[in-house]
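Secondary and tertiary structure notes
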Amino acid sequence: MDAGNNRTGRIDFLAYGFIAIPVMAIVVFLFYPAALAMFGTLFHKRPDGGLAFDASSYIFFFTDPYSLANLMRTLWTTFVALVLIVAVNLPIALYMRFTRGWLASLIQGLALFPMFVPGIIICYALIRYLGPNGWLQSLLNAVGFTHYASPITTPWGPVIGLIWDGMPMTLLILISGLGTISDASIEAARDVGAGRLRILRSIILPQITHSILIVSALNFLGFFGQVLMPFMLGPTNPEMMGPFMLRTFVSVRDPLQAATQATITFLICSLAGLAYVRSLANRKEER
Amino acid sequence: MATHLRMDRRDFLRLSAAGAAFVAASGAQIGVSSAAEGTLDIFFNSDTNIIDFWTNVIKPGFEAANSGVTLNLVPGGGGSGVNALADRAMAAFQAKKDPQIDMLEATTPFYPAGSIEAGLWVNFETSGLSNQPKVNPVTVQSPFLLPYRGSQVVLMYNADQVKDVPATFPALVEWIKANPGKFTYARPDLGDSGACFIERALQEVTGQKPDLFQPENYTDAYANPMFEKLWPLLKEIQPALFNGGEYTSGNTASIQLLASGAISMTVAWSDMALQAMSQGVVPETTAVAQLQDLAFTGGFSGVVVPTVARNKDAAIKLADYIISADVQEKVVTDLGGFPSIGWDNLSKELQEKFAKVAPKSIPVFPGTWEPKLFEGWYRNVASNIKQ
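Residues numbered from 1 in each chain as written. Chains lettered and ligands numbered in written order. Predicted model: local features only at pLDDT ≥ 70, side-chain atom pairs only at ≥ 80, totals over all residues. Heavy atoms only, no water.

**Regarding the pairing of strand E8 (residues 298-304) of chain B**
All names here are of chain B. For clarity, the threshold we go by: Relative accessibility thresholds used throughout: buried, under 20% of the residue-type maximum; exposed, over 50%; partly exposed, between the two (1.4 Å probe, protein chains only). Helix and strand labels come from DSSP, where a helix needs a run of H or I of at least four residues and a strand needs a run of E of at least two; each type is numbered from the N terminus. Strands pair, by our definition, only if DSSP identifies at least two bridges between them.
Burial runs high along E8: seven of the seven residues are buried. Side chains Gly298, Phe300, Gly302 and Val304 project from E8 onto one buried face, and the interleaved Gly299, Ser301 and Val303 project onto a second face that is buried too. With two bridges joining them, strand E3 (residues 103-105) and E8 adopt antiparallel strand pairing. Bridge pairing links Leu104 to Val304 in E8.

**What about the confidence of the model for chain A?**
For any part of a model where pLDDT is low, the fine detail of the predicted coordinates should not be relied upon. Selection criterion: The quantity known as pLDDT measures the predictor's confidence residue by residue, on a range of 0 to 100. Should any heavy atoms of two residues lie within 4.5 Å, those residues are counted as being in contact.
Looking at chain A as a whole, its pLDDT mean stands at 88, while 95% of the residues score no less than 70. Counted against residues more than four places away or in other chains, residues 1-5 of chain A, with its pLDDT under 50, gives zero contacts.

**Here's the deal with the interface of chain B and chain A**
To keep things clear, this is the line we draw: A quick way to say it: buried area is the sum, across both parts, of accessible area lost when two parts are put together, with a 1.4 Å probe. Salt bridge, as used here, is a side-chain nitrogen of Lys or Arg placed within 4 Å of a carboxyl oxygen of Asp or Glu. We call two N or O atoms a polar contact when they sit within 3.5 Å, provided that within protein one can donate a hydrogen and the other can accept it, with sequence-adjacent residues counted only if both atoms are side-chain atoms.
Each partner contributes residues to the interface: chain B has 31 residues there, and chain A has 29 residues. Carbon and sulfur atoms supply 60% of the area that chain B and chain A bury against each other, a total of about 2500 Å² over both sides. Where chain B meets chain A, there are two salt bridges. Here Glu375 of chain B and Arg247 of chain A are joined by a salt bridge, their closest N and O atoms 2.9 Å apart. On the surface where chain B and chain A come into contact, there are seven residue pairs in polar contact (both at pLDDT 80 or more).

**Looking at the UniProt feature "transmembrane region" (unreviewed entry) in chain A**
Residue and element names in this part refer to chain A. As a reminder, the rule being used: UniProt positions are given in the numbering used here, feature names are shortened, and annotations may be inferred rather than shown by experiment.
Those places that UniProt annotates as "transmembrane region" (unreviewed entry) correspond, in this numbering, to residues 13-39, 75-95, 102-127, 169-189, 210-233 and 258-277. Each end of residues 102-127 is marked by a C-alpha atom, and these two atoms are 32 Å apart; helix forms 77% of the span and strand 0%. For residues 258-277, helix accounts for 100% and strand for 0%, while the C-alpha atoms at its two ends are 27 Å apart.

**A closer look at the pattern of salt bridges**
Evaluated as defined, the whole model comprises 12 salt bridges over all chains. A salt bridge links Asp64 of chain A to Arg379 of chain B; the shortest N-O distance between them is 2.7 Å. With one member in each of two chains, Asp64 of chain A in the loop between helix H2 (56-63) and helix H3 (65-98) and Arg379 of chain B in helix H15 (residues 370-382) form a pair that bridges those chains. For the pair Asp64 of chain A and Arg379 of chain B, one class covers both residues: buried. If you follow the salt bridges from partner to partner, you end up with Asp64, Glu239 and Arg247 of chain A together with Glu375 and Arg379 of chain B in one network.

**Digging into the domain arrangement of chain A**
Residues and elements named next belong to chain A. For clarity, the threshold we go by: For each domain, the first and last residues come from an automatic or database assignment. Charged means Asp, Glu, Lys or Arg here, nonpolar means Ala, Val, Leu, Ile, Met, Phe, Trp, Tyr, Cys or Pro, and polar covers whatever is left, Gly included.
Domain annotation of chain A identifies domain 1 (1-54) and domain 2 (60-286). The C-alpha centroid of domain 2 is placed 31 Å from the C-alpha centroid of domain 1. Between domain 1 and domain 2, the contact holds five residues from the first and five residues from the second. A combined buried area of about 370 Å² lies between domain 1 and domain 2, and 84% of that area is made up of carbon and sulfur atoms. For the domain 1 face of the interface with domain 2, the top three residues by lost area are Met38, Thr41 and His44, together amounting to 89%. Taken together, the connections running from domain 1 to domain 2 amount to zero salt bridges. Applying the counting rule to domain 1 against domain 2 returns zero residue pairs in polar contact (both at pLDDT 80 or more). Among the elements that make up the side of domain 1 that touches domain 2, the one with the highest residue count is helix H1 (residues 2-42) (four residues). Classifying every residue of the side of domain 1 that touches domain 2 by side-chain character gives two nonpolar, three polar and no charged.

**Let's talk about the packing of aromatic side chains**
So the rule is basically this: Stacked, tilted and edge-to-face are the three classes applied to pairs of Phe, Tyr and Trp rings, where Trp contributes its six-membered ring and a pair requires centres within 6.5 Å; stacked means planes under 30 degrees apart, edge-to-face means over 60, and tilted covers the rest. We count a charge as sitting over a ring when the NZ of a lysine or the CZ of an arginine lies within 6 Å of the ring centre and within 35 degrees of the ring normal.
According to the stated counting rule, one finds 24 aromatic pairs over all chains in the structure shown. Ring geometry for Phe79 of chain A versus Phe220 of chain A: centroids 5.8 Å apart, planes at 65 degrees, classification edge-to-face. A residue pair is termed long-range when its members are at least 10 positions apart, and Phe79 of chain A in helix H3 and Phe220 of chain A in helix H10 (residues 209-224) qualify at 141 residues. For Phe79 of chain A, a relative accessible area of 45% gives the class partly exposed. Residue Phe220 of chain A is classed as buried on the basis of its relative accessible area, which comes to 9%. Chaining the aromatic ring pairs together yields one cluster made of Phe169, Phe183, Tyr185, Phe197, Tyr247, Trp377 and Tyr378 of chain B. Above the plane of the ring of Trp76 of chain A lies Arg73 of chain A, whose end atom (NZ or CZ) is 5.8 Å from the centre. Here the basic side chain of Arg247 of chain A rests over the ring of Tyr378 of chain B, its NZ or CZ set 3.5 Å away from the ring centre.

Shown next, in the form of structure tokens:
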């Protein structure tokens, strides 16, 4: 008994040692500079060398219609993309959970394909395909449809790009969630005469709420801070927070305002992060 | 400053594409550069076409003439990446250590602030470059920056659809309004060609006097009345731009729109336009033109050398080599750029061939004006919010 305890103690120590390396790296290279930047948005150096509390950059952000319009556009893009990505991927995941065969494998391969294509390539490909005078428009013209309006440089451009980009991860998580549902429970429901919709609503959906929550939280984080898709595919204005921050920092050269925008972005994203962590914790308790 | 910003933004797409990864990437590259004797570590701010030019033209020529010297050409990761390298050079300078940087390309000696006064950069006017007297004085911004290639913004258009290319700015505005949806320019912070367009518009509304805009004379009080005249003009043409008022996300994106036939005319960098035309990525009928009343602004890219560089002498020798007539002729023929030395130093044949496009002076718009100008553009032109 004693020996066993000792051994676990040693293993724990070793385990903490292993964890310490990435944790230290995160603290030193991520938490510390991020905390420093956030602190700097609220406390400014006074000429006499002391620190003074000053929330003027936040007041500016929340009273500036331009900044607020950018924040609203970011929220709109994030939520629309989020709803659509679940709506698109859930049926595919269901299909792949309940079907075997070459077609399902093919669809799985296709759905995971975006994972292996870098974002910048996707952007240029989408511009070529969906853009003005692109392939899609040419194809539609060929069959006599001439009212095509390209989504590129409209708010729908980044939504399409984000859905493409977020698809593999979403699908993998949904499939793994569906994998935990036992065939027996579905067959039992079928035996007592439940229809397909009924099975979906009462058996499947309740069991994958966690997966949907996780997918939503992770995609929220990915979408909200996106830089590439919005400025490659989106309109000039309003901007999403990612390009807005970058432009404020690099072009306007206003590090204080950029850090303020980043802090606000962080606070909003941390809500999604919280939802994710809570969902994980709940799941553990249930087990 | 202007040149520096220019390159910044031209690399902006690539920079942002790589996102945070670029920091890690350039960090990794820094880690492996060994600052060996005889290996020159040169970091680039410019696009890959320029690094190709160095790889194919400058590196073989210089290494053949100087045995034992190797050029290590490293992409610097865009504007902020190169600024970080300049910061490192400054830190090494203060600590009297080897910065492991022998040359920075397409940047300026003005960053970090105070680095010139501290003595971080080599003064090319007093370091005995044999080709220095040939340098065209209009290209020189500072003795600590050696210009070696220039380019200028031009109108790039499809001659099939544009029969009478506008020769003045008012004529260009008229053309835009008469051909709705057929013209656009890049967002000023993402594509310098777009920046040059609004800067030329600013010069137009203030009476075509480029001298009004100096690197050190920007103040809000001085600039705002001029900006107030600029916004209405740009707002007025906005509905006649591509897609009812949409701007492209960069120099390449502008050329792509022209290539797809979605627009008939845009503004582009001369070197990128000439390259696109020689590569055949735009229709055969594509042509370039310059405004005749007052040319679009342009800029020269140069190199800086830290005084504490391990291979400083070899780096100065290399600086002398890149402004030699041999390399400068290649800048014209291979890069589609302008030479930084006087045209009379180049071959007669080249002089005659380029007599028409060779600008006597390239107007440069000061970079110090750009942050406020671009931010104002986003707020007053691109956005419909009433301030």
